[in-house]
Amino acid sequence: RIKMTLQVYKVTPDVVAKNGMNVMIYGKQGVGKTHLAAPAQDHALMRPVLFLDIEGGMMTVAGRGDITAVSIKTVDDMQEITSKLLSGNDAEFKQYRTVVIDNISEWQRIDLEKITADLGAKRRPDEVQLQDYNVSTNRIGRLIRTYRDMPMNVIVTAWEKEQKEGGEDGK
């Protein structure tokens, strides 16, 4: 029989900051998800904040003047920044207490393009198939878990997907 030990603790800002807070903000395009994530920079236990700019939507927070972002255009870009954040040894990146992944839905598009590109001449890049979505979903899950388990705060933005009952045509 395995004995489990439960840890009971008082929830205080210091405890949450030490363990890291994980948040997902989702909604339709243009409703203010990026804008909502930016005030993390205003909280002493969350700053400095690094935005992983996948969507290219930094204009909404540009006027603040205190946001740092790195542009993510490829799977290799994401792997490089993730490795630097995980190692904790990179002088430029070890300072960050919060990472904002903006936007995980756009990340899936980039990942799907990489999956089809890796197939080479076997399939055209626009011929995304169900198994490609399965591979991408697994990769996204692994990416989210990697960031979730980092000793920092993580905010992820995502686009809302409208689902109609009975499938795409609503029947």
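Structure's up top.
To keep things clear, this report deals only with the structure shown in the data block. (Residues numbered from 1 in each chain as written. Predicted model: local features only at pLDDT ≥ 70, side-chain atom pairs only at ≥ 80, totals over all residues. Heavy atoms only, no water.)

Topic: the packing of aromatic side chains
What the rule picks out here adds up to one aromatic pair. Pairing F93 with Y96 gives two aromatic rings, centres 6.4 Å apart and planes at 40°, and the pair type is tilted. The class for Y96 is buried, based on a relative accessible area of 10%. (Phe/Tyr/Trp six-rings, centres within 6.5 Å; stacked < 30°, edge-to-face > 60°. Buried < 20%, exposed > 50% of the residue type's maximum accessible area, 1.4 Å probe, protein only.)

A short note on the nonpolar core
L52, M78, I81, L85, I101, W107 and Y147 are the most contacted members of the largest nonpolar core, which totals 23 residues. Put simply, the parts of the chain that give this core at least two residues each are β2 (49-53), α4 (75-87), β4 (98-102), α5 (104-118), α6 (130-148) and β5 (153-159). Top element by residues in this core is α4. It accounts for four residues. Discounting chain neighbours no more than four positions away, the residues touching Y147 are N22, L52, M78, I81, T82, L85, V99, I101 and V154. The next biggest cluster of nonpolar side chains, apart from the first, holds 11 residues, and it includes A38, M46, V49 and F51. (Core = buried A, V, L, I, M, F, W, Y, C linked by side-chain atoms within 4.5 Å. Helix = DSSP H or I, 4+ residues; strand = E, 2+ residues; numbered from the N terminus. Contact = heavy atoms within 4.5 Å.)

Some remarks on the sheet that holds strand β1 (residues 22-27)
Strands sit in the order β1-β5-β4-β2-β3 across an open sheet of five strands; the sheet is parallel. Strands with a single pairing partner mark the edges of an open sheet, and in this sheet they are β1 and β3 (68-71). Across the sheet, the mean angle from the axis of one strand to that of its neighbour is 20°, orientation sign disregarded. Of the strands in this sheet, β2, β3 and β4 are in contact with α4, which crosses β2 at around 160°. (Pairing = 2+ DSSP bridges. Axes fitted to C-alpha atoms, helices over the stretch in contact; angles between N-to-C directions.)

Some points on unusual backbone geometry
Across the junction of R47 and P48, the peptide omega takes the value 0°, indicating a cis bond. Mapped onto the elements of the fold, P48 is located in the loop between α2 (33-37) and β2.

Observations regarding the environment of I25
Its place among the elements puts I25 in strand β1. Between the C-alpha atoms of I25 and D102, which are 77 residues apart in sequence, the distance is 9.7 Å.

Points about α6
Its 19 residues place the ends of α6 27 Å apart at the C-alpha level, agreeing with the 27 Å of an ideal helix rising 1.5 Å per residue. The complete set of buried residues in α6 reads D132, S136, I140, L143 and Y147. Buried residues of α6 fall within an arc of 65° about the axis and therefore sit on the same side. Buried residues along α6 sit against β1, β2, α4, β4, α5 and β5. (Expected span 1.5 Å × (residues − 1). Arc of directions from axis to C-beta.)

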